[in-house]
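# Structural characterization, general
Listed below, chain by chain, are the residues.
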Amino acid sequence: MPPSDQTLPQKEAATFKLILKCYETKQHKKALKAADSILRKFPEHGETLAMKGLTLNSLEKKKEAYEFVRQGLKFNMKSHVCWHVYGLLFRSDREYKQAINCYVQALKRDEDNGQILRDLSLLQVQTRDLKGFRESRRTLLSANAKNRNNWISFAVANHLCGDLDNSTKVLEAYEGTLEKTQKLEYEHSEMLMYKMEVLREAGLIADALAHLEKSEPMVLDKLSLRENKASLLLELNQVEKSQEVYESLVATNSENWMYHRGLLKCMGYALPEPGSTTATPAASDTVEAALAAKYDALLAKHPRSSAVKRIPLEFKTGDRFVSHLDEYIRPWIRKGIPSLFNDLKSLYLSADKATAIQALFEKHLASLTANQTFATPTYTPTAEDGSTENPCSVLWILYFLAQHYDWLGETDKALECLDRASVHTPTIIDLYLVQGRVYKHAGALTRASDCCEEGRRMDLADRYLNTVSVRFALRADRLKLAESVVSLFTKDGDNANNLFDMQCMWFEIKYGHSCLRQGLWGKALKKLMAVDKHFTDILDDQFDFHSYCVRKMTIRAYVSLLRAEDEIYGHRLYIKAAAGIIQAYINLHDKPRLTKEQEEAAELAGLSESEKKKVLSKRKRAAARAATEAATKEAEDKSSEKKAGSKTGHKKNTVDADPDGEELAKVENPLDCSLKFVERLQRFAPKRSQTHHLACEVWTRKGKVLRVLQSVKKAVALDPTHPDTHRCLVKFLHLVETSRATLAPAVQAVVDAEVAEFLPLAKGGAAAVSAQFLDACASISLAHRLAGAEMQVHLSAAQRPAAVALLTQGPAPSLKQRADAIRAHTWLSSVDPDGASQFGQRCRAIFKH
């Protein structure tokens with residue numbers, strides 16, 4: 001069939017339609033059979049070749065698929081079908097840019113093809129080509145204004161582009177096309193709520209509230225409507241109305257802290273945000289009295305609500321706090337609820353409340369030990385107060401106090417409480433876990449792991465205990481123990497494949513960082529790169545939701561999903577993994593791995609000729625044996641896979657050719673490999689000083705002065721007294737001083753101007769900055785003294801005695817500085833073994849556990 005004439009006869013045209021139908025219904029073998037029947041007569045029919053390739057792609061025959069599609073495109077480049085199929089192939093392989101190019105070519109051949117336009121728009125939003133996405137959705141809406149999805153998608157496109165005014169107008173225009181009906185519809189309800197969110201995001205708070213009130217009869221999600229109404233009223237400072245709505249929400253669900261947070265805000269008090277490290281200023285006596293009265297009334301309505309009982313502890317102070325705390329904790333202790341400390345932990349932001357908590361629990365412990373009753377209550381006693389308590393009450397008081405003392409850093413007191421609790425009831429597993437945490441905070445990581453492993457063995461069916469034991473084992477760098485324990489809850493004991501398939505990122509990150517500490521760069525990269533793969537998969541998985549969410553009208557959730565995906569690389573787990581990857585590549589640059597030839601040459605060095613022959617002969621035998629074993633194993637795997645696959649249809653897990661990451665570690669330019677992760681952290685985690693510290697380390701090694709300057713400026717702006725900021729600054733100034741002769745005049749001018757602007761003292765050079773840092777920060781912590789000592793030696797070997805004296809004669813490290821002490825001891829061992837010995841003796845007197 002000549003390329004100029006690609007029209008099929010009537011019979012074959014009907015067969016081609018059958019191919020399309022079979023492909024859509026996943027009857028791939030039937031589709032291939034039909035394609036072959038056409039190709040026997042017309043072997044150069046481009047669209048049939050393309051469809052055969054697309055069908056083969058569905059059967060996982062990628063190579064053949066691309067060959068057929070390219071061949072089809074070669075015979076008929078004017079066919080929109082061929083280009084469309086080529087794009088579908090690229091899309092299946094996540095090559096989105098190439099797929100978009102193919103769709104654009106297809107549209108040039110068929111401008112009004114709605115299916116291609118829809119496919120193009122999905123890829124545009126996937127790759128965040130938002131302007132292109134908006135244009136594609138506008139074209140689809142112009143072609144078919146009766147389709148609801150076209151209206152909604154165009155509104156979303158304008159929203160994502162930041163054109164909130166047009167987004168609102170599109171929604172209003174679509175609303176005008178709807179017939180008035182009394183029937184409540186979920187889709188219409190969701191559209192109205194979405195319009196409210198767009199108005200709110202545009203800053204039109206009053207309009208959003210008015211729209212919400214007008215739409216209230218048509219909205220089905222009444223709870224979401226009330227939540228938004230309450231927050232909108234509060235933003236408009238209509239406090240009384242907002243408080244009324246929040247009170248109705250609390251009546252609906254008294255355990256929801258978000259509702260209580262809004263209610264308290266209306267009454268003039270702000271609860272600390274989750275994860276906050278600073279206490280909220282105490283409420284005035286008037287506000288506290290009003291809040292107490294309000295929560296007394298709520299308690300009368302919701303006597304079993306734990307939130308209503310707990311929240312007053314946040315705003316009450318002095319004796320009122322102690323009295324309420326006493327009444328609050330007694331049921332927890334009587335019932336033996338282990339999470340009491342976690343429940344009260346936020347109160348420790350206030351030093352006065354922490355002191356009061358300790359005094360109350362110690363008083364109860366003394367009373368229970370002496371009389372087996374709680375101390376006399378400061379509130380109105382109940383029927384239970386004054387009677388003899390369950391003997392286990394002492395156990396849970398000790399359990400709480402152990403965590404309390406551990407929080408305060410009083411390790412000996414915490415362990416004493418745990419010892420007393422163990423004597424009382426040695427079978428409580430929670431005691432072993434808390435003991436592990438106490439030892440962890442004291443720096444005794446091996447003993448901490450032993451405690452958690454002992455607790456795990458008391459209940460082998462508990463997955464949580466298994467997880468805790470694994471985490472502590474990895475923290476103590478006990479990789480074999482961690483692998484054996486984690487495999488107990490993996491399918492068929494195949495932990496490597498199972499954990500990867502389950503995206504068990506906490507394990508991979510902790511395992512990778514443990515390998516970093518032990519110098520196993522390949523294994524570290526293997527695990528941490530797996531985390532990078534998981535996040536890539538999470539990004540790719542959003543593709544299916546682009547059409548699904550619009551079709552199901554879950555627009556608010558869809559927009560939230562897109563924005564979460566846009567910031568996915570700023571997630572704390574990814575930041576930990578990326579930082580570990582960068583550090584591994586830095587270590588590979590500083591300590592290059594020997595090639596196989598270099599290792600073999602080193603092994604032969606210094607041997608006699610006869611000894612060399614023996615070594616070479618041994619290598620040949622080992623290589624031959626390994627080849628035979630590999631061939632045998634491959635044959636066995638194929639045989640077993642064939643038998644199992646024919647019966648069950650399940651795929652066999654692929655064997656990892658590089659389980660230890662040796663190939664990942666064999667890179668010629670480790671620093672170049674790290675740049676992708678450095679740039680990603682700079683984009684998605686710019687407010688973390690660690691990001692800029694790592695960037696400084698990479699760019700300093702590459703000798704890129706201006707890049708180092710950018711990172712140093714950001715690090716200094718974020719945390720000028722951080723030890724790593726000092727290291728980066730001194731290394732940068734030293735780099736400038738040592739390479740000034742080779743720097744271009746323009747670069748020198750920029751560096752001098754920038755340094756003078758953001759750090760005037762740096763005019764004195766690296767030595768002046770180092771001296772000033774020691775004067776200002778050496779007394780802060782051991783980490784600061786170590787940074788100062790390292791940089792003194794970095795600048796001049798003559799400063800070694802003074803640097804060593806900073807650590808051996810300076811203030812002793814505190815109990816919480818064990819990690820810094822280990823790092824300091826390691827550094828001292830490399831510069832002054834005698835100083836390291838002296839420093840080690842000081843540390844052993846402090847870190848008793």
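Residues numbered from 1 in each chain as written. Predicted model: local features only at pLDDT ≥ 70, side-chain atom pairs only at ≥ 80, totals over all residues. Heavy atoms only, no water.

## Comments concerning the overall build of the protein
- When helices and strands are counted, the protein shows 46 helices and zero strands.
- Classification of the 849 residues of the protein by burial places 45% in the buried group.
- The contacts of the protein with a sequence gap of at least 6 include a subset with a gap of at least 24, amounting to 60%.
- One finds the centroid of the 121 positive side-chain charges in the protein at a distance of 4 Å from the centroid of its 108 negative side-chain charges. (Helix = DSSP H or I, 4+ residues; strand = E, 2+ residues; numbered from the N terminus. Buried < 20%, exposed > 50% of the residue type's maximum accessible area, 1.4 Å probe, protein only. Contact = heavy atoms within 4.5 Å. Lys, Arg positive; Asp, Glu negative; His and termini not counted. Charge placed at Lys NZ, Arg CZ, Asp CG, Glu CD.)

## Remarks on unusual backbone geometry
- A positive phi is found at Glu60, a non-glycine position, where the angle reads about 65°.
- In this fold, Glu60 is placed in the loop between helix H3 (46–58) and helix H4 (62–75).
- Take Glu60: its relative accessible area is 56%, and that puts it in the exposed class.

## Side note on the pattern of salt bridges
- In total, this model carries 39 salt bridges according to the counting rule given.
- Glu697 serves as the salt-bridge partner of Lys731, at 3.2 Å between the closest nitrogen and oxygen. Highlighted residues: Lys731 in helix H40 (residues 723–739) and Glu697 in helix H38 (residues 689–702), separated in sequence by 34 residues. Grouping residues by exposure puts Lys731 and Glu697 together as buried.
- In this structure, a network of salt bridges that share partners links the residues Arg94, Lys533, Asp537 and Asp540. (Salt bridge = Lys/Arg side-chain N within 4 Å of Asp/Glu carboxyl O.)

## Observations concerning the environment of Ala402
- With respect to the helices and strands, the residue Ala402 is situated in helix H22 (residues 392–408).
- Placed 65 residues apart in sequence, Ala402 and Ile337 show a C-alpha to C-alpha distance of 15 Å.

## Here we look at the packing of aromatic side chains
- Taken as a whole and assessed by the stated rule, the structure comprises 19 aromatic pairs.
- For the ring pair Phe341 and Phe400, a centre distance of 5.6 Å and an interplane angle of 65° mean the geometry is edge-to-face. With Phe341 in helix H20 (residues 340–344) and Phe400 in helix H22, the pair connects residues that are 59 residues apart, well separated along the chain. For the pair shown, Phe341 and Phe400 are each scored as buried.
- Residue placement shows Arg680 over the ring face of Tyr569; its charged tip is 4.1 Å from the ring centre. (Phe/Tyr/Trp six-rings, centres within 6.5 Å; stacked < 30°, edge-to-face > 60°. Lys NZ or Arg CZ within 6 Å of the ring centre and 35° of its normal.)

## Some details on the nonpolar core
- Judged by nonpolar contacts, the single largest core of 69 residues is most densely connected at Phe507, Phe535, Ile582, Val712, Phe732 and Val751.
- The greatest single-element share of this core, amounting to twelve residues, is contributed by helix H33 (residues 572–590).
- In this structure Phe732 touches Val705, Val708, Leu709, Val712, Val751 and Val755, once residues within four positions along its chain are discounted.
- Membership of the second largest hydrophobic core comes to 57 residues, among which are Leu192, Ala230, Leu291 and Leu562. (Core = buried A, V, L, I, M, F, W, Y, C linked by side-chain atoms within 4.5 Å.)

## What about the environment of Ala787?
- Note that Ala787 resides in helix H43 (residues 782–795).
- Linking Ala787 and Val716, residues 71 residues apart in sequence, is a C-alpha distance of 15 Å.
- Excluding anything up to four places from it in sequence, Ala787 contacts Pro723, His726, Arg727 and Phe773.

## Notes on the packing of helix H25 (residues 445–456) against helix H26 (residues 463–475)
- Two numbers describe how H25 lies on H26: the axes approach to 8 Å, and their chain directions differ by 160°. Judged by the angle between their axes, H25 and H26 are roughly antiparallel. The hand of the H25/H26 crossing is left-handed. Contact residues: Leu445, Ala448, Ser449, Cys452, Glu453, Gly455 and Arg456 in H25; Leu465, Asn466, Val468, Ser469, Phe472, Ala473 and Arg475 in H26. (Axes fitted to C-alpha atoms, helices over the stretch in contact; angles between N-to-C directions. Parallel < 35°, antiparallel > 145°, perpendicular 65-115°, else oblique. Left-handed = near helix turned anticlockwise from the far one by under 90°.)

## Examining a nonpolar patch on the surface
- A cluster of nonpolar side chains, Leu184, Tyr186, Met218 and Leu220, forms an exposed patch at the surface whose accessible area comes to about 330 Å².
- Along the polypeptide, Leu184 turns up in the loop between helix H10 (164–177) and helix H11 (186–201). (Patch = residues over 30% accessible without salt bridge, like charges linked within 9 Å, V, L, I, M, F, W, Y side chains within 5 Å. Areas by Shrake-Rupley, 256 points an atom, 1.4 Å probe, with all protein chains shown as cover.)

## Some remarks on the state of the cysteines
- Inspection of every chain in the model, using the stated rule, returns zero disulfides.
- Between Cys504, a cysteine without a disulfide, and Cys515, which holds the nearest cysteine sulfur, the sulfur-to-sulfur distance is 15 Å.
- Lacking any disulfide linkage, Cys777 is separated from the closest cysteine sulfur, that of Cys728, by 15 Å.
- Judged by relative accessible area, which is 6%, Cys777 ranks as buried. (Disulfide = S-S within 2.5 Å.)

## Quick notes on the environment of Ala359
- Inspection of the secondary structure puts Ala359 in helix H21 (residues 351–371).
- Accessibility expressed as a relative area gives 45% for Ala359, which makes it partly exposed.
- Along the sequence, Ala359 and Glu668 sit 309 residues apart, while their C-alpha atoms lie 62 Å from each other.

## Some details on the side chain of Thr15
- As for its placement among the helices and strands, Thr15 is situated in helix H1 (residues 10–24).
- On the accessibility criterion, Thr15 (19% relative accessible area) is buried.
- Here the side chain of Thr15 touches Lys11 through a polar contact of 3.1 Å, landing on its backbone oxygen.
- Each residue touching Thr15, except ones within four places of it in the same chain, is listed here: Ala34, Ser37 and Ile38. (Polar contact = N/O pair within 3.5 Å; in protein donor to acceptor, adjacent residues only side chain to side chain.)

## Things to note about the confidence of the model for the protein
- When the pLDDT values of the protein are averaged, the result is 88; 93% of them are 70 or greater.
- Note that pLDDT drops below 50 for residues 645–651; the model gives that stretch two contacts with residues more than four away or on any other chain. (pLDDT = per-residue confidence, 0-100.)

## Some details on a positive patch on the surface
- Together, Arg471, Arg572, Lys576 and Arg688 make up a positively charged patch on the protein surface.
- Among the structural elements, Arg688 can be located in the loop between helix H37 (670–684) and H38.
- Assessed through its relative accessible area of 39%, Arg688 is described here as partly exposed.

## Digging into the side chain of Arg785
- Tracing the chain through its elements places Arg785 in helix H43.
- Asp820 provides the closest opposite charge to the buried, salt-bridge-free Arg785, at an N-O distance of 8.7 Å.
- Leaving out residues up to four positions away in the same chain, Arg785 has contacts with Ala778, Ser779, Leu806, Leu807, Pro811 and Ala812.

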